[in-house]
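An overview of the molecular structure
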Amino acid sequence: MPKIAAGKLEDTIRRLLAACGTPAGEAETVARHVVDANLCGHDSHGAIQIPIYIDRVEKGHIVPGAPFEIVRESPTTTVVDGHWGFGYAIAERALKLTMEKAEAQNVAACTIFRQSHVGRLGAYPTMAAKAGFIAMMTADSGRSAKSVAPFGGAEARLGTNPIAMAVPSARGEPVLIDMATSAVAAGKIKLAQARGKDIPEGWIVRADGGASTDPNDFGQGAVLLPLGGSEGHKGYGLSAMVEILSGLLTGLGFGVEPTGRHNDGCFLALFKAAAFRDPGDFGREVDEFVDYLKDTRAAAGFGEVLAPGEIERRTAEARRADGIDIEDATWNQFRALGEKYGVAVD
């Protein structure tokens, strides 16, 4: 696999998106978020998505430069129609607006509908936490195709339905959780397909109910399982709640509309930490709590205990220094798109 410097990868993505008609500001936003996902180790939400996005632009499923419309609001709430624009640009703008409201009113929430993929969900609560907010965000694909079986089932009824939460700290690095409520994000299956690798047992189940470690079974009748393995009812319950907040509350609905296009409905809630405690005292105590967790004696097979979000930060530091591995199949797609749109990819 080629190893690409983060800056070079971001520039290449930006130029490819601009060449297919994406306004400069949006292309920059999408490229920044996508490379951030690669840096953090979430390769399933990174560069591998760009050929998919460009294909959706060509089909009219993503509308570059789409309007950002507020269809309902109050001093603490906002409902945003993204008009099928790039989810990264729509969600980031909605986040900034919600931060302004939470700064003024201490709490604020927002729903977003009719936008494309928002990428790594944890990026948005992290931005809010760095500004002093406790943040929660959920996402659901509305009535687009489903990939996750309810607990005990063998056919898809739910999306991967991620949830992310971030809390500010005095050190400036938020405590973050960012997780699919399925056993794994669907993109990780596609990544295994692209890299020709098996997947762990417990990620997918075939249509006949049997387990599989072949990622190519996914999309051929096999579906994802909910988070939790034998305790999968917990992931199933979380997934259902995420769908209610991000699918039903946004008005996207549930189930599948066969002619529908991919749509990330989102629910975002922010709480101003300073409304509850002195932010300096709270941040220091968060850091002390993290230190308390990390000071735990490691169990057999583990070198140390990590804080939530720490592995992403360590991975980002390493990849900024050493570059990002991009699978050959993805880079070959980049080259083909470069030839099509007259963009140099090397």
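Quick look at the structure, then. Predicted model, so just to flag it, every value in this text is computed and none were measured. (Residues numbered from 1 in each chain as written. Predicted model: local features only at pLDDT ≥ 70, side-chain atom pairs only at ≥ 80, totals over all residues. Heavy atoms only, no water.)

**Looking at the layout of surface pockets**
- If you add up the space inside the largest pocket, you get close to 1200 Å³.
- Where the lining of the largest pocket is concerned, the elements lending two or more residues are helix 3 (50–59), strand 5 (133–140), strand 7 (175–179) and helix 6 (186–195).
- Grouping the constituent residues of the lining of the largest pocket by class yields 16 nonpolar, 18 polar and 13 charged.
- Estimates place the volume of the second largest pocket at around 460 Å³.
- Lining the second largest pocket are 18 residues, with Asp 36, Cys 40, Arg 120, Thr 126 and Lys 130 positioned closest to its centre.
- Within the residue set of the lining of the second largest pocket, elements represented by two or more residues are helix 2 (24–39), helix 5 (123–130) and helix 9 (310–322).
- With 5 residues, helix 9 is the largest single contributor of residues to the lining of the second largest pocket.
- Taken together, the residues of the lining of the second largest pocket break down into 6 nonpolar, 3 polar and 9 charged. (1 Å grid on protein atoms, 1.4 Å probe; cavity = no way out; pocket = protein on both sides within 12 Å on 5 of 7 lines; lining within 4 Å. Points joined across faces, edges and corners; volume = space filled by probe spheres on them. Helix = DSSP H or I, 4+ residues; strand = E, 2+ residues; numbered from the N terminus. Nonpolar A, V, L, I, M, F, W, Y, C, P; charged D, E, K, R; others polar.)

**What about the pairing of strand 2 (residues 69–73)?**
- Where strand 2 and strand 3 (residues 77–85) come together, 4 bridges link them in antiparallel fashion. When the sheet's bridge partners are listed, Glu 73 is paired in strand 3 with Thr 78.
- As consecutive antiparallel partners, strand 2 and strand 3 are separated by 3 residues. (Pairing = 2+ DSSP bridges.)

**Considering a nonpolar patch on the surface**
- Nonpolar side chains collect at one region of the surface, where Met 241, Ile 244, Leu 248 and Phe 254 lie side by side and expose about 420 Å² of accessible area between them.
- When you line up the elements, Met 241 lands in helix 7 (residues 232–248).
- With a relative accessible area of 54%, Met 241 lands in the exposed category. (Patch = residues over 30% accessible without salt bridge, like charges linked within 9 Å, V, L, I, M, F, W, Y side chains within 5 Å. Areas by Shrake-Rupley, 256 points an atom, 1.4 Å probe, with all protein chains shown as cover. Salt bridge = Lys/Arg side-chain N within 4 Å of Asp/Glu carboxyl O. Buried < 20%, exposed > 50% of the residue type's maximum accessible area, 1.4 Å probe, protein only.)

**Points about the pattern of salt bridges**
- Taken as a whole, this structure holds 27 salt bridges when the rule is applied.
- In this structure, Asp 11 and Arg 14 form a salt bridge, with 2.4 Å as the shortest nitrogen-oxygen distance. One end of the pair, Asp 11, and the other, Arg 14, are both in helix 1 (residues 6–19), 3 residues apart, so they sit about a helical turn from each other.
- For Arg 14, a relative accessible area of 31% gives the class partly exposed.
- The residue Arg 319 makes a salt bridge to Asp 43 at a minimum N-O spacing of 2.7 Å. Of this pair, Arg 319 sits in helix 9 while Asp 43 sits in the loop between helix 2 and helix 3; the two residues are 276 residues apart in sequence, bridging distant segments of the chain. Of the two residues examined, Arg 319 and Asp 43, each falls in the buried class.
- When salt bridges with common partners are traced through the structure, they connect Asp 43, Arg 195, Arg 319 and Glu 327 into a single cluster.

**Thoughts on unusual backbone geometry**
- Even without being glycine, Arg 114 reaches a positive phi, approximately 55°.
- Mapped onto the elements, Arg 114 comes out in strand 4 (residues 107–115).
- Here Arg 114 falls in the partly exposed class, since its relative accessible area comes to 27%.
- Of note in the backbone geometry, Asn 161 takes a positive phi value of approximately 40° without being a glycine.

**Structural notes on the sheet that holds strand 2**
- Taken together, the 7 strands give an open sheet; going across it, the order is 2-3-4-11-5-6-7, and neighbouring strands pair in mixed fashion. Among the strands making up the open sheet, the edge pair consists of strand 2 and strand 7. Here the average twist between neighbouring strands, direction ignored, is 15°.
- The sheet strands contacting helix 7 are strand 5, strand 6 (163–167), strand 7 and strand 11 (265–272), and the helix crosses strand 5 at an angle near 90°. (Axes fitted to C-alpha atoms, helices over the stretch in contact; angles between N-to-C directions. Contact = heavy atoms within 4.5 Å.)

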